[in-house]
Amino acid sequence: KSLSDWIKAQWSKKQSVCELEIFSNPLICVGDIVTINYPSNGLDGTQKFIVSSINNSFDGGLSTKITTRSIYSS
């Protein structure tokens, strides 16, 4: 019950979605919680995001692209 209440509270708020190309990190998994520090876009590193998609590729070096969605703590 408490998990369903938390999910309902998260999805009822407007979510921010960020697509990022990051330093290669094959250890990041879908479901990981990350913070983003990018002050020019209003992200000061205190907001939490959940990783929803990962794309690792190799073309002369490992490249990692992730998609994240904001989460809110209550």
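Residues numbered from 1 in each chain as written. Predicted model: local features only at pLDDT ≥ 70, side-chain atom pairs only at ≥ 80, totals over all residues. Heavy atoms only, no water.

**Thoughts on the nonpolar core**
If you look at the biggest cluster of nonpolar residues, it comprises eight residues: Cys-18, Ile-28, Val-34, Ile-36, Leu-43, Phe-49, Val-51 and Ile-66. Looking at this core, the elements that each hand over two or more residues are strand E2 (33-38) and strand E3 (43-58). Looking at this core element by element, the count peaks at three residues for E3. Setting aside residues no more than four positions away along its own chain, Val-34 makes contact with Gln-47, Lys-48, Phe-49, Val-51 and Thr-68. (Core = buried A, V, L, I, M, F, W, Y, C linked by side-chain atoms within 4.5 Å. Buried < 20%, exposed > 50% of the residue type's maximum accessible area, 1.4 Å probe, protein only. Helix = DSSP H or I, 4+ residues; strand = E, 2+ residues; numbered from the N terminus. Contact = heavy atoms within 4.5 Å.)

**Some details on the environment of Asp-32**
Checked against the element boundaries, Asp-32 lands in the loop between strand E1 (17-22) and E2. With near-sequence residues (within four places) excluded, Asp-32 lies in contact with Leu-27, Phe-49, Ile-50 and Val-51. A distance of 2.9 Å separates a polar atom in the side chain of Asp-32 from the backbone nitrogen of Cys-29. (Polar contact = N/O pair within 3.5 Å; in protein donor to acceptor, adjacent residues only side chain to side chain.)

**A short note on the sheet that holds E2**
The four strands are arranged E1-E4-E3-E2 in an open sheet whose pairing can be described as antiparallel. In this open sheet, the two strands that pair with only one neighbour each are E1 and E2. Strand-to-strand twist across the sheet, computed as the mean angle between neighbouring axes with direction ignored, equals 45 degrees. (Pairing = 2+ DSSP bridges. Axes fitted to C-alpha atoms, helices over the stretch in contact; angles between N-to-C directions.)

**Describing the pattern of salt bridges**
This model, assessed by the stated rule, comprises one salt bridge. Between Lys-1 and Asp-5 there is a salt bridge, and its shortest N-O distance comes to 3.2 Å. You can call Asp-5 partly exposed: its relative accessible area is 38%. (Salt bridge = Lys/Arg side-chain N within 4 Å of Asp/Glu carboxyl O.)

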